[in-house]
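Chains, contacts and geometry: an overview
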Amino acid sequence: NAGVTQTPKFRILKIGQSMTLQCTQDMNHNYMYWYRQDPGMGLKLIYYSVGAGITDKGEVPNGYNVSRSTTEDFPLRLELAAPSQTSVYFCASSYRGNEKLFFGSGTQLSVL
Amino acid sequence: GESVGLHLPTLSVQEGDNSIINCAYSNSASDYFIWYKQESGKGPQFIIDIRSNMDKRQGQRVTVLLNKTVKHLSLQIAATQPGDSAVYFCAVSDTGRRALTFGSGTRLQVQP
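The rules behind the values
For every chain, the first residue of the written sequence is number 1, and numbering continues from 1 onward in sequence order. Written order determines the labels here, with chains lettered from A and ligands numbered from 1. The predicted nature of this model means local features are confined to residues of pLDDT at least 70 and side-chain atom pairs, given and counted, to a pLDDT of 80 or more, with totals for whole chains, interfaces and linings taken over all residues. To get the side-chain values, all heavy atoms of the structure are used, and hydrogens and water are removed first. Only protein chains enter the accessibility calculation, which uses a 1.4 Å probe; a residue whose area is less than 20% of its type maximum is buried, one above 50% is exposed, and one in between is partly exposed. Here a strand is any run of E in DSSP of at least two residues, a helix any run of H or I of at least four, and the numbering for each starts at the N terminus. Pairing between two strands requires that DSSP report at least two bridges joining them. Every axis in this analysis is a line fitted to C-alpha atoms, fitted for helices over the stretch in contact. Angles between the N-to-C directions lie between 0 and 180 degrees. What qualifies as a polar contact is a pair of N or O atoms within 3.5 Å, subject to a donor-acceptor requirement within protein and to the restriction that residues adjacent in sequence count only when both atoms come from side chains. Here, two residues are considered to be in contact whenever any of their heavy atoms come within 4.5 Å of each other. Buried area is a sum: the accessible area each of two parts loses on coming together, probed at 1.4 Å, counted once for each and added. By salt bridge we mean one thing: a side-chain nitrogen of Lys or Arg within 4 Å of a carboxyl oxygen of Asp or Glu. Aromatic rings from Phe, Tyr and Trp, taking only the six-membered ring of Trp, are treated as a pair when their centres fall within 6.5 Å; an angle between ring planes under 30 degrees marks them as stacked, one over 60 as edge-to-face, and anything in between as tilted. Each ring is checked for a lysine NZ or an arginine CZ that lies within 6 Å of its centre and within 35 degrees of its normal; such an atom marks a charge sitting over the ring.

Residue and element names in this part refer to chain A. Burial along strand E11 (residues 107-111) is one-sided: the residues Thr107, Leu109 and Val111 are buried and none of Gln108 and Ser110 is. In terms of strand pairing, strand E2 (residues 10-13) meets E11 through four bridges, oriented parallel. From the neighbouring strand, Arg11 faces E11, where its bridge partner is Leu109. With three bridges connecting them, strand E9 (residues 87-94) and E11 associate as antiparallel partners. When the sheet's bridge partners are listed, Ser87 is paired in E11 with Leu109.

As structure tokens, this is what we get:
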């Protein structure tokens, strides 16, 4: 099993550009999450989803959007990139809430 | 909301010694606790978890201790090896919450 797959691994954006970070999982997990990790810090929750068609905001949702049209995929959209969005982004999944998450390998994003 | 902190940003130990990494949490309703290991450039990797109906849980060379009275969690690593060098995160959740809240991490450095 591939687990949680994120693409791309690295990306540089100019201020004001937009992009979509892709995340897919093959474990048939209901719950999917997007976290960001700033240098030397812990992970902060951006958005999460408890199933196809259902999404909810986390701790730091401003500047991001998500959708969940299938169980497998949970893309994260940045509409107007800002330097404050320079970070490493991790997608994760779990079968249900309140249990361990399986993480992807991350996307390192720089906004210049 | 939930806040999760760690007692030391960096812990340096000699190879072969035991390591103890501590974590404090604030929400008395937290009932699920988990430790992750993150190596440079990689996503967090599950180490061990514990639920609030237990005080101690052991894995291979790792032990998690939970003290609900003082809202404290610790990770013990026995006979620390160079491969244990990484950043360690604790995270907590509760039945009503649908996502883990992460601490800021402790960097474990193993000296040969």
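Additional details are given in the paragraphs that follow.
Once that is clear, we can look at the sheet that holds strand E3 (residues 19-25) of chain A. Residues and elements named next belong to chain A. The four strands lie next to each other as E1-E3-E8-E7, forming an open sheet whose pairing is antiparallel. Both outer strands of the open sheet, strand E1 (4-7) and strand E7 (64-66), are each paired with one neighbouring strand and no more. Pairwise comparison of adjacent strand axes, ignoring direction, gives a mean angle of 20° for this sheet. Where E1 lies against E3, four bridges are found, and the strand directions are antiparallel. If you follow Thr5 over to E3, its bridge partner there is Thr24.

Residues and elements named next belong to chain A. The topology assignment puts Ser87 in strand E9. Polar side-chain contacts of Ser87 include one of 2.8 Å to the side chain of Asp38. For Ser87, the residues in contact, after removing those within four places along its chain, are Arg36, Gln37, Asp38, Thr107, Gln108 and Leu109.

Residues and elements named next belong to chain A. Mapping Pro61 onto the fold places it in the loop between strand E6 (54-57) and E7. Separated by 13 residues in sequence, Pro61 and Tyr48 have C-alpha atoms that sit 9.9 Å apart. If near-sequence neighbours (up to four positions away) are discounted, Pro61 is found in contact with Ile46 and Tyr47.

Note that B:Thr63 resides in strand E7 (residues 62-67). If we ignore the near neighbours within four places in the chain, the residues touching B:Thr63 are B:Lys56, B:Arg57, B:Gln58, B:Ser74, B:Leu75 and B:Gln76.

The next point concerns the interface of chain B and chain A. You'll often see interface size given as the accessible area lost when the parts meet. The interface is formed by 23 residues belonging to chain B together with 20 residues belonging to chain A. In total, chain B and chain A occlude about 1,500 Å² of area from one another, counting both sides; carbon and sulfur atoms represent 56% of this. When the buried area of chain B at its contact with chain A is split by residue, B:Pro44, B:Arg98 and B:Phe102 rank highest and sum to 36% of it. On inspection of chain B and its partner chain A, the count reaches zero salt bridges. For the pair chain B and chain A, the interface holds eight residue pairs in polar contact (both at pLDDT 80 or more).

Before going further, it helps to examine the packing of aromatic side chains. For the structure shown, the criterion picks out 13 aromatic pairs over all chains. Ring plane angle 75° and centroid distance 6.0 Å describe the contact between A:Phe103 and B:Phe102, whose orientation is recorded as edge-to-face. Of this pair, A:Phe103 sits in strand E10 (residues 102-103) while B:Phe102 sits in strand E10 (residues 101-102), which puts the two residues in different chains. Assigned by exposure class, A:Phe103 and B:Phe102 land together as buried. For A:Lys100, the ring lying beneath its charged end belongs to B:Phe46, and the centroid distance is 4.1 Å.

This part takes up the pairing of E6(A). All names here are of chain A. In the sheet, strand E5 (residues 43-51) pairs with E6 via three bridges, with the strands oriented antiparallel. Across the sheet, residue Gly51 finds its bridge partner in E6, namely Ile54. In this antiparallel pair of consecutive strands, E5 and E6, the connection spans two residues, and Gly53 shows a positive phi of 85°.

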